[in-house]
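Read off the chains here:
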Amino acid sequence: MEFTVRACSGHGRVGSLRLASGLEFETPSLLMITRRGLPVVIPPEMLMDLHPDSRACQFTPMHFLEDPLAAVVAKAGGVHKLASLTGFAMVAVARDSLGNEIAGEEASNLGASFETSSGRRIVGLEKYMEVVNACKPDLWVSLPDEVPHWVPEKRNRESVDHTSQWLDHCLSLQHAEHGNRCLGVVVGAGSLEERARSAEQAATRNVAGFSLAGFGLGEDVAQRGFHLEVAIAKLPNDKLRHVCGLGSPEEVLQAVGAGIDLLDSTYPYMLTKECLAMTFPLKMEVPLRNADRDMQPTPDHGVASGFSLAKVNLRSATYGGGRIDETPLVTGCKCYTCKRHTKVYINQLLNSNETLAQTLLEIHNTYHYLEFFKAIRESIKADKFHEFRTWFTSQRVFGMTYDVSESFVA
Amino acid sequence: MNWPRALLTDSGGFQMVSLLHLADITEEGVTFQSPVDGKPMLLTPEDSIQIQNKIGADIIMALDDVVKTTTTGPRVEEAMYRTLRWIDRCIAAHSRPHEQNLFGIVQGGLDPQLRDICLEGLVARNLPGYAIGGLAGGEGKDAFWRVVAQCTAGLPEDKPRYVMGIGFPLDIVVCTALGADMYDCVYPTRTARFGSALVSEGVLRLTHAAMATDYRPLDSSCTCMVCKRYTRAYLHTLVTKEAMGSQLVSYHNISHMMQLSRNLHSSILEGRFPEFVQSFLQKQFPKGDVPDWVCNAMDVAGIDISMCRIPQSA
């Protein structure tokens, strides 16, 4: 595996990542969400052509504790073969962002507590590495003892110690023939000192990169920024940095601005679940129309539709009843959904409780988010990341700013 | 929909009766509870045809007075005669006869005489195609195939015959042997959502514990995307738990039905239809226990399946 930083803009950087499988892509990169190895609603055979960058997926080892068993994955020859996603990057992330909260419950020396298909249970090192080795991921995160920022100092210190010990233990259990694919976890939640200590320890290990944990758990945004900065300052520049739990556009921008290279995000799916299509503009060069600025929300639109420029609510009666809207979700979007279908059709599908609506929305939302990541990379290459971030966050202020991801912060 | 292939719309009649609360049928039309706001709504033959004209499908169905197959008594006769009166209203209301083909639906319950009257009446209207309706309810298989046989015998040779609501592969093979051409059913996708895959041997229940360690594809003779990529063991963990499980098994089941249609079609064209039927039955009933109703139907269809009644030796 090779990772090379190609361009910088502030602390943000564009890199090229070349995996042992030969797959190559640019960072910062979005990891698409999977459950039991497959996308939640996007047909797997459509994933390859969804977008030029739709090549990298996240998966959770906790989905392979029982149902299916690690043995089933091993028998298939790894998660790529099991899910028939050869040609994709599969990155194992312990945290299941799709719904399972980190409560920072008791962890023992043996393992941490995770939500699984059979309820909450302690997952120990041997078990975790059995699954990781059976899955043969392209990259994998070491077993974390991840806690939110409000835990007592003692618990926080314990989580740093555990995480460091478990990193070493995981490394000792990794299959040699898979090479160095470990992303060592960095925790530290409520304390900058602990964060730095965790990062320092991880930095000395022989890993492919790092995974920053303990974010997206209700922490103050500014605090998060300090934690990212403090941690990354201790990490070598030439190794990958992943963060879990941060997924909204603003969180992505903050993370990238601090120097993060990989993020798994449930943001597209969260919008899809709320019947929203992602529509925020991607090009700061295109001036916003005065009409967009002046439009007021009407009674028709639900709270979540925000007549914001960010998303449209496909459940809204506007698309079918009064005014039949035969435009695509985003005019000019080249995704499968926008090339073939209209808002009124998706509205009709939602009214008829057809699951095709979710599939079409998820395809578009994923595509749009991959375009967002591409725009981020372009801005870094042009050394304009700061401007891009400022522009993006300021234009989000138009209309209401209710953002679905905020409701999912623990 | 951006669907460039053929489309058929139903009249709404069956859905009203089967899915909605309190359908009241009069000469005027069907009164039912609106699924949107619960208020009473009336669907007349004219309404149904107008809506279908707007949707624009290639084949549209007449609104018929459909009764449950288990119904007996004068209601069955009333429904049959009303269906004939309604077909004339449908024909009159149809505003796009050169673009959309209006099919009539043969009713009459399980009564051969009523069916005959209905057949005669519909054939006299010289419609582009005909459906055999009122079946796929609670009737026994023996009654079912006899009605299908009677109708196919009484319908014109050169027009499509559509048996509504049929979807079990075995039923499709039998009806095809009896001279039917078209079928529709929720069965393949519905059974997929419950974790059952359609395979050459019958139905594979993926939820069964044995599937957890079965690393074969769903159907060894299937070339669909799902069978090329995934094992029973993996699908076992997905069905009834992930939306993707339903999607993948639905995909396979639909592929399976498409392949069955293709096989029926090409075996007839190539003059080896009886052989196909025999092979089909042998795979479904390796112990030779072909149901009596199938044997009787194949008798009438003129297909020798005596070899299917002998157990297949290992």
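Position numbers for residues count from 1 along each chain, tracking the sequence in the order it is written. Each chain is given a letter, starting from A, and each ligand a number, starting from 1, according to the order in which they appear as written. Where totals are concerned, whole chains, interfaces and linings use all residues; where local detail is concerned, this predicted model gives features only for residues with pLDDT of at least 70, and gives and counts side-chain atom pairs only at 80 or more. Remark: hydrogens and water are excluded; side-chain values derive from all non-hydrogen atoms of the structure.

Identification of chain B as tRNA-guanosine(34) queuine transglycosylase from Physcomitrium patens is taken from an unreviewed UniProt entry.

To be explicit about the condition: UniProt positions are given in the numbering used here, feature names are shortened, and annotations may be inferred rather than shown by experiment.
An unreviewed UniProt entry lists chain A under the name Queuine tRNA-ribosyltransferase accessory subunit 2, with Physcomitrium patens given as the organism. On record in UniProt, under Subunit (unreviewed entry), the comment for chain A is "Heterodimer of a catalytic subunit and an accessory subunit."

1. Focus: the overall build of chain B
For clarity, the cut-off: Strands here mean DSSP runs of E at least two residues long; helices mean DSSP runs of H or I at least four residues long; both are numbered from the N terminus. Our radius of gyration looks at C-alpha atoms and nothing else; its globule reference is 2.2 Å times the residue count to the power 0.38. Two residues qualify as a contact provided that any one of their heavy atoms is within 4.5 Å of a heavy atom in the partner residue. By the counting rule applied here, Lys and Arg register as positive and Asp and Glu as negative, while His and the ends of each chain are not counted. The atoms used to mark charge sites are NZ of Lys, CZ of Arg, CG of Asp and CD of Glu.
A tally of regular secondary structure across chain B gives 12 helices and 11 strands. A compact globule built from 314 residues should have a C-alpha radius of gyration of about 20 Å, and chain B, at 21 Å, falls within 12% of that. Across chain B, the fraction of contacts at a sequence separation of at least 24, relative to all contacts at a separation of at least 6, is 60%. Charged side chains of chain B number 28 positive and 34 negative; the gap between the two group centres comes to 8 Å.

2. Quick notes on the side chain of A:Asp145
All names here are of chain A. Threshold: Counting of polar contacts relies on pairs of N or O atoms within 3.5 Å, with two restrictions inside protein: one atom must be capable of donating a hydrogen and the other of accepting it, and residues adjacent in sequence are counted only when both atoms are side-chain atoms.
Within the secondary structure layout, aspartate 145 lies in the loop between β9 (139–141) and α5 (153–173). One polar contact links aspartate 145 to arginine 155, side chain to side chain, over a distance of 2.8 Å. Setting aside residues no more than four positions away along its own chain, aspartate 145 makes contact with Ala107, Ala112, Arg155, Glu158, Ser159, His162, Thr163, Trp166 and Val187.

3. A closer look at the interface of chain A and chain B
Cut-off, in case you're wondering: A quick way to say it: buried area is the sum, across both parts, of accessible area lost when two parts are put together, with a 1.4 Å probe. For this analysis, a salt bridge means a side-chain nitrogen from Lys or Arg found within 4 Å of a carboxyl oxygen belonging to Asp or Glu. Gly is put with the polar residues, along with every residue not named as nonpolar or charged; the nonpolar set is Ala, Val, Leu, Ile, Met, Phe, Trp, Tyr, Cys and Pro, and the charged set is Asp, Glu, Lys and Arg.
Each partner contributes to the interface: chain A provides 24 residues, whereas chain B provides 18 residues. Taking both sides of the interface into account, the surface hidden between chain A and chain B amounts to around 1,800 Å²; carbon and sulfur atoms contribute 54%. In this assembly, chain A and chain B are joined by 3 salt bridges. In this assembly, chain A and chain B are joined by 9 residue pairs in polar contact (both at pLDDT 80 or more). With 3 residues, helix α2 (residues 70–76) of chain A is the largest single contributor of residues to the side of chain A that touches chain B. Each residue belonging to the side of chain A that touches chain B can be placed in one class, and the counts come to 13 nonpolar, 4 polar and 7 charged.

4. As for the pattern of salt bridges
The condition is simple: For every residue, the accessible area obtained with a 1.4 Å probe (protein chains only) is divided by the maximum for its type, and the residue is called buried under 20%, exposed over 50%, and partly exposed between those limits.
Across all of its chains, the model carries 40 salt bridges over all chains by this definition. A:Asp53 is paired through a salt bridge with A:Arg377; the nearest N and O atoms lie 2.8 Å apart. Residue A:Asp53 is found in the loop between α1 (44–50) and β5 (56–59), and its partner A:Arg377 is found in helix α13 (residues 356–381); the two are separated by 324 residues along the sequence. Take A:Asp53: its relative accessible area is 27%, and that puts it in the partly exposed class. Here B:Glu46 makes a salt bridge to B:Arg89, at a shortest N to O gap of 2.9 Å. Placement of B:Glu46 in helix α2 (residues 45–55) and of B:Arg89 in helix α3 (residues 74–93) is noted, with a sequence separation of 43 residues between them. Using a relative accessible area of 27% as the deciding quantity, one classes B:Glu46 as partly exposed. Residue classification places B:Arg89 among the partly exposed positions, given a relative accessible area of 24%. Linked by salt bridges that have partners in common, B:Glu27, B:Asp65, B:Arg75, B:Glu78, B:Arg82 and B:Arg85 make up one network.

5. What to know about the sheet that holds strand β6 (residues 89–92) of chain A
Two modes of strand pairing occur in sheets, parallel and antiparallel, and in both the strands are linked by backbone hydrogen bonds. Residue and element names in this part refer to chain A. We apply this condition: Strand pairing follows a simple DSSP-based rule, namely that at least 2 bridges must link the two strands. The axes used here are C-alpha line fits, helices contributing only the stretch in contact, and every angle between their N-to-C directions lies in the interval 0 to 180 degrees.
Strand order across the open sheet formed by 8 strands is β4-β13-β12-β11-β10-β9-β6-β5, with parallel pairing between neighbours. Edge positions in the sheet fall to β4 (29–31) and β5, since each of these pairs with one other strand and no more. The average angle at which neighbouring strand axes cross in this sheet is 25°, direction not considered. Sheet topology places strand β10 (residues 182–186) next to strand β11 (residues 209–212); 4 bridges connect them, and they run parallel. Bridge pairing links valine 185 to serine 211 in β11.

6. A look at the domain arrangement of chain A
All names here are of chain A. Inclusion rule: Each domain span listed reflects an automatic or database assignment of domains.
For chain A, the assigned domains are domain 1 (2–104 + 111–264) and domain 2 (273–286 + 308–398). Computed from C-alpha coordinates alone, the two centres of domain 1 and domain 2 are separated by 27 Å. Summed over both partners, the interface of domain 1 with domain 2 buries about 2,500 Å², with 72% contributed by carbon and sulfur atoms. At the surface where domain 1 touches domain 2, the tally comes to 3 salt bridges. Elements represented by at least two residues in the side of domain 1 that touches domain 2 include exactly β1 (2–9), β2 (12–18), β3 (24–27), β4, α1 and α8 (249–258). The dominant element in the side of domain 1 that touches domain 2, judged by the number of residues it contributes, is α8, at 7 residues. Split into classes, the residues belonging to the side of domain 1 that touches domain 2 amount to 16 nonpolar, 11 polar and 4 charged.

7. Remarks on the sheet that holds strand β4 (residues 40–43) of chain B
All names here are of chain B. One open sheet accounts for 3 strands, arranged β2-β3-β4; its pairing is antiparallel. In this open sheet, the two strands that pair with only one neighbour each are β2 (24–25) and β4. As paired elements, strand β3 (residues 30–33) and β4 share 4 bridges and run antiparallel to each other. Bridge pairing in β4 places threonine 31 opposite leucine 42.

8. Structural notes on the domain arrangement of chain B
Residues and elements named next belong to chain B. Once the domains are mapped, chain B shows domain 1 (8–165), domain 2 (189–257) and domain 3 (259–308). Taking only C-alpha atoms, the centre of domain 2 and the centre of domain 3 are 25 Å apart. Each partner contributes to the interface: domain 2 provides 7 residues, whereas domain 3 provides 5 residues. Carbon and sulfur atoms supply 38% of the area that domain 2 and domain 3 bury against each other, a total of about 470 Å² over both sides. Among the residues of domain 2 in contact with domain 3, Ser200, Glu201 and Met257 are the three that bury the most area, contributing 67% of the side total. For the pair domain 2 and domain 3, the interface holds 0 salt bridges. Our enumeration of links across domain 2 and domain 3 arrives at 7 residue pairs in polar contact (both at pLDDT 80 or more). The element contributing the most residues to the side of domain 2 that touches domain 3 is helix α10 (residues 243–269), with 3 residues. When its residues are assigned to classes, the side of domain 2 that touches domain 3 shows 2 nonpolar, 4 polar and 1 charged.

9. Examining the pairing of strand β7 (residues 129–132) of chain B
Residue and element names in this part refer to chain B. Burial along β7 is two-sided: Gly129 and Ala131 and Tyr130 and Ile132, pointing in opposite directions, are all buried. Sheet topology places strand β6 (residues 101–106) next to β7; 4 bridges connect them, and they run parallel. Bridge assignment links isoleucine 105 to a residue of β7, and that residue is alanine 131. Pairing of β7 with strand β8 (residues 161–163) involves 3 bridges; the strand directions are parallel. Bridge pairing links isoleucine 132 to valine 163 in β8.

10. Comments concerning the nonpolar core
Soluble globular proteins tend to bury their nonpolar side chains together. What counts, and what does not: As used here, the term nonpolar core means buried Ala, Val, Leu, Ile, Met, Phe, Trp, Tyr and Cys residues forming a set that is joined through side-chain atoms within 4.5 Å.
Grouped together as the largest cluster of nonpolar side chains are 140 residues, with contacts concentrated most on A:Tyr128, A:Leu212 and A:Phe372. Residue contributions to this core peak at 12 residues, all from α13(A). Dropping the residues within four chain positions of it, A:Tyr128 is found in contact with A:Pro61, A:Met62, A:Ala94, A:Val123, A:Val141, A:Ser142, A:Leu143 and A:Cys170. Core analysis: the second largest hydrophobic core is formed by 61 residues, B:Ala62, B:Ala93, B:Leu119 and B:Trp145 among them.

11. Quick word on a positive patch on the surface
The test is simple: Each patch is built from residues that are more than 30% exposed by relative accessible area and take part in no salt bridge. Like charges join if they lie within 9 Å; nonpolar side chains (Val, Leu, Ile, Met, Phe, Trp, Tyr) join within 5 Å. We get accessible surface area from the Shrake-Rupley algorithm with a probe of 1.4 Å; when it comes to residues, only the shown protein chains can shield them.
Side chains of A:Lys283, A:Lys334, A:Lys339 and A:Lys374 sit close together on the surface and give a patch of like positive charge. Looking at the secondary structure, you find A:Lys283 in the loop between β14 (276–278) and α10 (290–294).

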